[in-house]
Amino acid sequence: MRLPSEEPDVRVPRLVGLMAVDAYDAAHVRGLSLHAPDRPDLRAAAVDHVVRQYPRPGARVPREATVYVWFDFGEGEGGGGIREPRVPRPPSGGLRRELPEPGEPPPRHAVLSLP
C-alpha cells in the first residue's frame, strides 16, 4: 500500500464504479477521507460499488478534505433497470414483429387492389 500524499492540495480521484474498499484506498492514498451518507458503516459496504461522488473527479481540494460517495441511486435517479434478455423471443428469419397474445385474433391487414 502506498503512503498518503503530503501535498497541500490534491485532485479528487474518480471513485464511481469502484468497490467501497477500493474507493477508500484511492481516497486514503491522496490524504482524503471518505464519507457515505447512505451507509453509516462504510466498512460494511466493502463490495458495494460507488454510483455517485462529490466533489467531482479532478477537483482540487485541501488535503484531509472529505469526499462524499453514495452506493444507491437516489429517488428518481434510476439505475438503468433490468437488462437481462427477455424470453420468449420472436421467431428468427424475416422481419421481427410483435406476436399476438394467445387467444387474440390475428391482425387484419388492408388489401390493396390494382386498377
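**Side note on the nonpolar core**
One finds L15, L32, L34, V67, V69 and F71 to be the most contacted residues of the largest nonpolar core, which totals 18 residues. Elements with a contribution of two residues or more to this core: α1 (20-29) and β5 (66-70). It is α1 that contributes the most residues to this core, 4 residues altogether. Those residues within four positions of V69 in sequence are excluded, and the remaining contacts are L15, L34, H35, A36, P37, D38, V50, R52 and Q53.

**Thoughts on the environment of E64**
By secondary structure assignment, the location of E64 is in the loop between β4 (60-62) and β5. Residue classification places E64 among the exposed positions, given a relative accessible area of 61%. Counting along the chain gives 36 residues from E64 to H28, while the straight-line C-alpha distance between them is 8.9 Å. Aside from chain neighbours lying at most four places away, what touches E64 is G31, L32 and S33.

**Examining the pattern of salt bridges**
Side chains that differ in charge, positive against negative, can pair when their charged atoms come close. Per the stated rule, a full pass over the model turns up 3 salt bridges. One salt bridge connects R39 with D38, and the closest N-O pair in it is separated by 3.6 Å. With a relative accessible area of 25%, D38 lands in the partly exposed category. The closest approach of N and O atoms between D48 and R39, which form a salt bridge, is 2.9 Å. Counted as one network, the salt bridges with shared partners bring together D38, R39 and D48.

**Some words on unusual backbone geometry**
Omega for the peptide link from Y54 to P55 comes to 0°, which places this bond in the cis form. For P55, the location among the structural elements is in the loop between β3 (52-54) and β4. Not every positive phi belongs to a glycine, and E64 is a case in point at roughly 75°.

**Brief notes about the side chain of Q53**
Tracing the backbone shows Q53 in strand β3. Taking relative accessible area as the criterion, Q53 reaches 9% and is therefore assigned buried. One polar contact links the side chain of Q53 to the main-chain amide nitrogen of L15, over a distance of 2.6 Å. Looking at Q53, its side chain comes within polar contact range of the main-chain nitrogen of V16, at 3.3 Å. When sequence neighbours within four positions are dropped, the list of residues in contact with Q53 reads V12, P13, R14, L15, V16, Y68, V69 and W70.

**Focus: the confidence of the model for the protein**
Looking at the protein as a whole, its pLDDT mean stands at 77, while 60% of the residues score no less than 70. Mean pLDDT values for the elements of the protein range from 91 in α1 up to 94 in β4.

**What to know about α1**
Taken together, the buried positions of α1 are A20, A23, A26, A27 and V29. Buried residues belonging to α1 abut β2 (33-35). Phi turns positive, to about 80°, at G31, one or two residues after α1.

What counts and how
- Residues numbered from 1 in each chain as written.
- Predicted model: local features only at pLDDT ≥ 70, side-chain atom pairs only at ≥ 80, totals over all residues.
- Heavy atoms only, no water.
- Core = buried A, V, L, I, M, F, W, Y, C linked by side-chain atoms within 4.5 Å.
- Buried < 20%, exposed > 50% of the residue type's maximum accessible area, 1.4 Å probe, protein only.
- Helix = DSSP H or I, 4+ residues; strand = E, 2+ residues; numbered from the N terminus.
- Contact = heavy atoms within 4.5 Å.
- Salt bridge = Lys/Arg side-chain N within 4 Å of Asp/Glu carboxyl O.
- Polar contact = N/O pair within 3.5 Å; in protein donor to acceptor, adjacent residues only side chain to side chain.
- pLDDT = per-residue confidence, 0-100.

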